[in-house]
Amino acid sequence: MEEKKFDFNSIIGFVLIAGILTWMLFKNPSKDEALTDTTTQEQVDTTNITAASKKNTLIVNPQDSLALEQAKSQLGAFAYSASLPSAQNGITHIENDVLSLKISNQGGYIYEAKLKKYKTYDSIPVYLIKDGKNANFNINLGTTDNRTLNTKDLFFEPTVTKNGENTILSMKLKVSQSQFLEYRYELSPNDYMIDFAIRSQGLQNVINSSQPINLNWDLETIRQAKSASYENRYTEVLFEYEGGKDDYLGQGKSTDDTAIDVTWIAFKQHFFTSILLTDTPFKNASFTSKNLAQISEADDKDIKATKAFTASIPLELTGGELNYAMDWYYGPTDYKTLDSYDRNLDEVVPLGWGIFGWINRYIFINFFGFLSGFLPYGLAIVVMTIIVRIVLSPVTYKSYVSQAKMKVLRPEINEINEKYKDNAMKKQQETMALYSKAGASPMSGCLPALMQIPVFYALFNFFPSTFQLRQKSFLWADDLSSYDTIAELPFTIPFYGDHISLFPILASIAIFIYMTMTTGQTMQTQQPGMPNMKFMMYLSPLMMLFFFNNYASGLSLYYFISNLITIGIMLVIKYVIIDEDKIHAKIQENKKKPKKENKFQKRMKAMMEQAEAQKNASKK
């Protein structure tokens, strides 16, 4: 299985950037008992849980022999767990400074996960799991007495202890006092990562080793952002497999995949992520992702959840027992936080593939982190944009010089086109000869434009993925990670939305002005097979206006400032640095000098002359 690094969202952005840069290219044209020894026993919170989520349960009074026999007929050896005091609809609450968890007695899994430091777009706490309604964690196992049981329907006995500052919760599904299946949770202070283990003790003669044991993890992602459709673009399943490779399911309405030697599985939302990690790789696993609704700007306000994820994982016995050391991560999709665990989790953040991701990881993340350390986030974007454009100004200069040369040569090129309008081969020969004598090239402006593509596309991925921009305001934008709004529309415009964002309008105007400036500099007669530059001049700003209306305002702010600076740089180059009369004089001087042709040029000239001779001979 090959890694897939280029998702649909990336394709849209890349097409948009390519559309803008196509203008630049052609205008010339040129991502043990597992409890540590302790001495204190803490009180376990018990709370009622919604009865609707607790189906297929069996609770018995240990004094009721008839009920106990009935439980044995249904649960076999695990009937013991249904007779304990813990066999009730209760939860155990553990927390640290950043994370609050509630674990259900029934099923032993995380019933609620709340991030204590963050709020949603409408100012309520961020829940990755809420009231057990959007998550499920279950082991399906067979027993030696030919039963198939689901741990989600059975009751675990909770025990809370301390290991220094760490809180440990042991959830045991018991067959007897010394025989059990255990889920063990250990929560450290100020940490989003939870040590988690699944292990059994004394169940060699209870678990049927010849029947598959499947772990199923399901999650419906709760909406956290102002734009559900925008958040949904970044909500997906990712996983690591085969010793460090990573992959994802993509953005289809319903997608699935399988992998071998899986070491982590991430159910990622835009800015928050739930991840299951394992020290012992799962030999194989299968995943699904499904949109819960046809999410668009039209029905955005009614969306409560975006996607439904599932992971199915066959577990293996070791010596007749289950023994898996794992971890849970419930926290922000923040690059530095995820990277700090040194588990390749930074791949969860969509920074772009190849060189684009490299630029973000090693340049822009650190640079923006430095600037935002002493500047407000909006100003940090402005300053970062200014510096990036200054660094790229030599590239802009080279491109503009190439444009100026082509402008000077345009009258002579037009003469050649008119003189040899019926002879394409001769026209090409004379044009190439003119370029060679003048020391100009229509392609000399292409390379500078191509050099900017990695920077443009890296930043296209950087701003929407930067967690630090979440809910940070600047000017009229109340959240730089989401769209800004200056007016709400009483209707929805297809592909545009039900609101008007100002930053995309400003960015579109700026790029239109820039393209208008370069049109007068370089526009030539439309050549067959070449892009229509006048069409591109209008299309690119229009694409930006529509596409970015629902995108992060931080990204639109970047493009607006970037285009303004580019316009300023070009004006300085045109009126202060470059003298077109001097360029013209230099070209005329170059034309007088004998031009030494290299072997390739000689070969090409000979081939063209031979083709011309053959063409003339065929006419006779």
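Computed from a predicted structure; not experimentally measured. (Residues numbered from 1 in each chain as written. Predicted model: local features only at pLDDT ≥ 70, side-chain atom pairs only at ≥ 80, totals over all residues. Heavy atoms only, no water.)

**What to know about the pairing of strand S10 (residues 193-201)**
Here is the rule we go by: Accessible area is worked out with a 1.4 Å probe on protein chains only. A residue is then buried under 20% of its type maximum, exposed over 50%, and partly exposed in between. Comment: elements are numbered from the N terminus, with helices defined as DSSP H or I runs of at least four residues and strands as E runs of at least two. In this analysis, strands are considered paired if DSSP registers two or more bridges between them.
Of all nine residues in S10, seven are buried, a share of seventy percent or more. Bridge analysis of strand S9 (residues 180-187) against S10 gives eight bridges, and the strand direction is antiparallel. When the sheet's bridge partners are listed, Glu186 is paired in S10 with Asp195. Remark: five residues form the turn of the hairpin made by S9 and S10, two consecutive strands paired antiparallel; Asn190 in that turn has positive phi of roughly 55 degrees.

**Description of the nonpolar core**
We count it as follows: The set of buried Ala, Val, Leu, Ile, Met, Phe, Trp, Tyr and Cys residues whose side-chain atoms join them within 4.5 Å is what this entry labels a nonpolar core. It only takes one pair of heavy atoms within 4.5 Å for two residues to be counted as in contact.
Counting residues in hydrophobic clusters, the biggest one holds 125 residues, and the most contacted among them are Phe78, Tyr183, Tyr185, Phe287 and Trp328. Setting aside residues up to four positions removed in sequence, Phe287 forms contacts with Val237, Phe239, Leu249, Thr255, Asp256, Asp257, Thr258, Ala259, Val262, Ile265, Thr310 and Ala311. Ile511, Tyr514, Met515 and Ile567 belong to the second-largest nonpolar core, a separate cluster that totals five residues.

**A short note on the packing of helix H6 (residues 354-372) against helix H7 (residues 377-391)**
The line we're drawing: Each axis is a line fitted through C-alpha atoms, and for a helix only the stretch in contact is used; angles between axes span 0 to 180 degrees, taken between their N-to-C directions. Should an angle lie under 35 degrees it is considered roughly parallel, over 145 roughly antiparallel, and from 65 to 115 roughly perpendicular; all remaining angles are considered oblique. Left-handed describes a crossing whose near helix is turned anticlockwise from the far helix by less than a right angle; the clockwise case is right-handed. Gly is put with the polar residues, along with every residue not named as nonpolar or charged; the nonpolar set is Ala, Val, Leu, Ile, Met, Phe, Trp, Tyr, Cys and Pro, and the charged set is Asp, Glu, Lys and Arg.
Interaxial distance between H6 and H7 falls to 9 Å at its minimum, and their mutual angle equals 130 degrees. It follows from the interaxial angle that H6 and H7 lie oblique. Regarding H6 and H7, the two cross each other, and that crossing is right-handed. The segment H6 lies against H7, with Phe364, Phe367, Phe368, Leu371 and Ser372 engaging Tyr377, Ala380, Ile381, Val383, Met384, Ile387 and Val388. Along the lines of polarity and charge, the residues of the contact of H6 with H7 split into 11 nonpolar, one polar and no charged.

**Re H6**
Rules: Helix span, as expected, comes to 1.5 Å for every residue beyond the first. Working definition for bend: take the seven residues up to and ending at a residue and the seven starting at it, fit an axis to each, and measure the angle between the axes.
A rise of 1.5 Å per residue sets the reference length of H6, with its 19 residues, at 27 Å; its end C-alpha atoms lie 26 Å apart and thus fit the reference within 8%. Helix geometry: H6 is bent most strongly at Asn360, by close to 40 degrees. Every buried residue of H6 is accounted for by Phe356, Gly357, Ile359, Asn360, Arg361, Phe364, Ile365, Phe368, Leu371 and Ser372.

**A word on the pattern of salt bridges**
Test applied: Every case where a carboxyl oxygen of Asp or Glu lies within 4 Å of a side-chain nitrogen of Lys or Arg is listed as a salt bridge.
Throughout the structure, instances matching the rule amount to 13 salt bridges. Note that Lys102 is salt-bridged to Glu112, the shortest N-O span being 3.6 Å. With Lys102 in strand S2 (residues 99-104) and Glu112 in strand S3 (residues 110-119), this residue pair connects regions lying 10 residues apart in the sequence. In this structure, Asp478 and Lys226 form a salt bridge, with 3.6 Å as the shortest nitrogen-oxygen distance. On the criterion of sequence distance, the pair formed by Asp478 in the loop between helix H10 (446-465) and strand S18 (487-493) and Lys226 in the loop between strand S11 (213-222) and helix H4 (228-233) is long-range, its members being 252 residues apart. Assessed through its relative accessible area of 23%, Lys226 is described here as partly exposed. One network of salt bridges, with partners in common, ties together Asp279, Asp327 and Arg343.

**With respect to the pairing of strand S7 (residues 157-163)**
Here S7 runs beside strand S8 (residues 166-174); their pairing, made up of seven bridges, is antiparallel. Within S8, the position partnered with Pro158 by the bridge is Met171. In textbook terms, the turn of a hairpin is the stretch between consecutive antiparallel strands, and for S7 and S8 this stretch comprises two residues, one of which, Gly164, has a positive phi near 65 degrees.

**Points about the sheet that holds S3**
The strand order S1-S2-S3-S4 describes an open sheet built from four strands, whose pairing is antiparallel. Only two strands of the sheet have a single partner each, and these edge strands are strand S1 (91-95) and strand S4 (125-129). Strand-to-strand twist of the sheet, defined as the mean angle between neighbouring strand axes without regard to direction, takes the value 20 degrees. Sheet topology note: the S3/S4 ladder contains four bridges and is antiparallel. Each residue of the ladder has a partner; that of Lys119, found in S4, is Pro125.

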